[in-house]
Every structure is written in structure tokens, then in C-alpha cells.
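Chain residues, written in single-letter form:
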Amino acid sequence: MNRFWRVFAGTATLTILALLVFGLFNLQAIEDWLRLRNYTPPAAIAAIARADTMTDDAKHIFYVTHPDLINEADAFRQACPSFEQTIVLGCYHTGFSSAIYIYNVQDARLNGVVEVTAAHEVLHAAYDRLSQDDKNRINGLLNDFYSDDLRDRRVLETIDTYKQTEPDELLNEMHSIFATEVGSLTPELESYYQRYFSNRSAVVAFANQYADEFASRIAKIKDFERRLVDLKQRIDKEEAALSSQLEQLEADRRRLDSLRASGQVDEYNAAVPAFNAAVNDYNDGVVELRADIAEYNRLVAAHNALAAELSSLYDSLDTSLAPQTAN
């Protein structure tokens, strides 16, 4: 009997050790199972995953974080605090209680920003799960693409910003940005990102869609500004020319009045046609000046309306809160 219990105890010990070893090497899988066992993604979250063409692996990572779509800016900023005065539309928190929070931008002109933000944050979670060997390999591919192939000025400027604000997270950010905002990557990177998106171009199309809302307005505003500068210079020249013409007309009128007053009728009559022609030229110039001023005012109004639209777009993305003082 004692021998039986010794064998049983030994077997139980080995079983427990085996379970511990299994748990140690499968900790992530166990954590995922615990977080997903009673989880059903809300319809809006599942719709985002479909729109982003997330693979089963990507959806698994996405749903493990219990992603939350937040409507209110202050509630979102509490979930995603940032010390940078920049636009923040999503965040990923690591650890056992990993979480993704997404600001629910509801401006119809910015359709797609939620999908891109979700894809961006999922890729942060995916990067967090890479083995060190995989991470080293992917980091090399990201650095090579950045150094040799990246031409998109907007993306380059974004990377430069991260160099200043989050240098330690630069490769992590590249990992998310390149996949969601760059249309053409190296074959190696394209193959890698197929783990997460069956049609990565759909995500990039979302990014281009809302980026164009800003870019098109900015380009039009710059065009208005160039036209306004040119038109202002023209108006200034017209006003200067008309001022000179008016001085000459007043001098000519005084001369005509003097000729008539002194009885020099023939000279007076001979000078009248030229004077009248000069008056007509002056009046035509006034009409042209008024038309240019009206056009200038129209352009100013159009410029200001477009600037207001652009400002409202930025406002739709503004999740900032007033700084809070420590207690």
C-alpha cells in the first residue's frame, strides 16, 4: 500500500510538473483562452475586423484585447492618456489585461479613420507577440524599407516626428504605419503582413480616403493663397496707375478750363477729344479694378470657408483635454 502511494505521489508530482512546464511554454495561449472564452465581439468591432480584411490570426489578437470603440473625447483621452499635444485616435495597452481603445470619429468626411486606427493598434499588439528572432528579422526589413524605398513625404514626416517624440518605439510605429499607410512594400514585408490582412490594400485605401480630405483642402487653400497674392499685386498696380491717371486728368481739366476761360476756343476744342478718351480709359480701369476687387473678395470668402472646413476636420479628430493637475 505504501508502495502504491509512493508511485501515485511520484506520478502526481510528474503530472503537476508537466502541467507547469506546459503552462510556462503556453502562457500566452492560456491567457488568450481565458480572455476569449466568454467573449463575443460587438457588431461594430466585428464590422471593423471585416472591413480591414483581418485574418483569423489578426482577429484573434484584436478580440483578445476586448477592443473598445469610444464616442466621447474626454472618456477616450482617459483611456489613452498622452503627454504629447498631438492627434491621438487609438492606443494599445500591453500585459495580461491588454486592451485596444479606438476613438469613434463620426464625421462622415473621415470615413475610414476608425478602420485604419484599429489596424494600426492590432499591429502594435502583433509586434508585441513576436519572438525576439522574428522581431529582429522584421526590424531589419522595416529599416531597409525606410532607408532604401520609402518615398511618401507624409509618412516620412510622420516617422521624423516619432524620432523626436518616441525614439524607443520607432520600429514598433514603423511596423504599424507601413502596413496601414504605404501602398507598395517590399515582397518580404508584403508576405509578412499577409499574416494579418488578406487584402492590405483595403486598409491603405481607407487611409488614403481620409488623408485626401485633408490634402485636397490644403492644396486648394494654398492655390487660393497664391491667387490672392497675385491678384493683390495686380490690384495695387491698377490702383497706382489709376491714381496717376486721375492726377493727369485733373491737370488736363484745369488746362481745358483755362483755355475756355481765356477764349482760346480752337485750342480748347482740339484738346477735348483726347481728354474724353483719357476719361474713358480711366473709367474702364475703374471698372476693371472693381471687378478684380470683387474677385479678390470672392477668393477670400472661398479661402476662409475652406479653411473653416479644414479646421472642422481637425476638430473631428481632436481628443485633447485640458491638462490635469496632480492631487
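These remarks concern the structure in this document. Worth saying up front: this structure is predicted, and the values here are computed from it rather than measured.

Right, let's talk about the pattern of salt bridges for a bit. For side chains of opposite charge, pairing can occur when their charged atoms come near one another. Counted by the stated rule, this structure contains 16 salt bridges. When the shortest N-O distance is used, the salt bridge between Arg129 and Asp32 registers 2.9 Å. Taken together, the positions of Arg129 in helix α6 (residues 113–129) and Asp32 in helix α2 (residues 27–36) put the pair 97 residues apart, joining distant regions of the chain. Assessed through its relative accessible area of 30%, Arg129 is described here as partly exposed. One salt bridge in this structure joins Asp107 and Arg109, with 2.7 Å as the shortest N-O distance. Arg109 gets classed as partly exposed once you look at its relative accessible area, which sits at 26%.

The subject of this paragraph is the packing of aromatic side chains. For any two aromatic rings, the description comes down to two numbers: the centre-to-centre distance and the angle of the planes. For the structure on display, the rule yields 7 aromatic pairs. Consider the rings of Tyr39 and Tyr63, whose centres lie 6.1 Å apart with planes at 45 degrees: the pair is tilted. With Tyr39 in the loop between α2 and α3 (43–51) and Tyr63 in helix α4 (residues 56–64), the pair connects residues that are 24 residues apart, well separated along the chain. Looking at Tyr63, the relative accessible area reads 15%, which means it is buried. Three or more aromatic residues link up through ring pairs in this structure, and these residues are Tyr39, Phe62 and Tyr63.

With that settled, the discussion passes to the state of the cysteines. Within this structure, the stated rule accounts for 1 disulfide. What pairs with Cys80 in a disulfide is Cys91, and their sulfur atoms sit 1.9 Å apart. Since a negative S-S torsion denotes a left-handed disulfide, the Cys80-Cys91 link at about -70 degrees is left-handed. You can see Cys80 sitting in the loop between α5 (73–79) and β2 (90–93) and its partner Cys91 sitting in strand β2, a full 11 residues away along the chain.

An ideal rise of 1.5 Å per residue puts 24 Å on 17 residues; helix α7 (residues 132–148) measures up with 24 Å between its terminal C-alpha atoms. Among all positions of α7, only Lys135, Ile138, Asn139, Leu141, Leu142, Phe145 and Tyr146 are buried. Looking down the long axis of α7, one finds its buried residues gathered within 165 degrees of arc, a one-sided arrangement. Those residues of α7 that are exposed and aimed more than 90 degrees away from the buried face are Asp133 and Ser147. As for α7, its buried residues are in contact with α6, α8 (153–165), α9 (170–181) and α10 (187–193).

Now for unusual backbone geometry. Residues other than glycine seldom take positive phi values, yet Thr53 does so here, at roughly 55 degrees. By the secondary structure assignment, Thr53 is in the loop between α3 and α4. One non-glycine residue, His66, lies in positive phi territory at about 50 degrees. Looking at the secondary structure, you find His66 in the loop between α4 and β1 (68–70). The class for His66 is partly exposed, based on a relative accessible area of 32%.

It is characteristic of soluble globular proteins that their nonpolar side chains tend to be buried jointly. Ranked by size, the top nonpolar core spans 81 residues in total, and within it Phe62, Leu110, Val113, Ile159, Phe178, Tyr193 and Tyr196 carry the most contacts. Looking at which element gives the most residues to this core, the answer is helix α11 (residues 200–261), with 14 residues.

Let us now look at the pairing of strand β3 (residues 99–103). A large share of β3 lies buried, amounting to 4 of its 5 residues. Two strands pair when backbone bridges link them, and β1 and β3 are joined in this way by 3 bridges, in the parallel orientation. Considered in β3, the bridge of Ile70 is made with Tyr103. By the bridge criterion, 4 bridges tie β2 to β3 in an arrangement that is antiparallel. Following the sheet pairing, Tyr92 is matched in β3 by Ile100.

What counts as what
Residues numbered from 1 in each chain as written. Predicted model: local features only at pLDDT ≥ 70, side-chain atom pairs only at ≥ 80, totals over all residues. Heavy atoms only, no water. Salt bridge = Lys/Arg side-chain N within 4 Å of Asp/Glu carboxyl O. Helix = DSSP H or I, 4+ residues; strand = E, 2+ residues; numbered from the N terminus. Buried < 20%, exposed > 50% of the residue type's maximum accessible area, 1.4 Å probe, protein only. Phe/Tyr/Trp six-rings, centres within 6.5 Å; stacked < 30°, edge-to-face > 60°. Disulfide = S-S within 2.5 Å. Expected span 1.5 Å × (residues − 1). Arc of directions from axis to C-beta. Contact = heavy atoms within 4.5 Å. Core = buried A, V, L, I, M, F, W, Y, C linked by side-chain atoms within 4.5 Å. Pairing = 2+ DSSP bridges.

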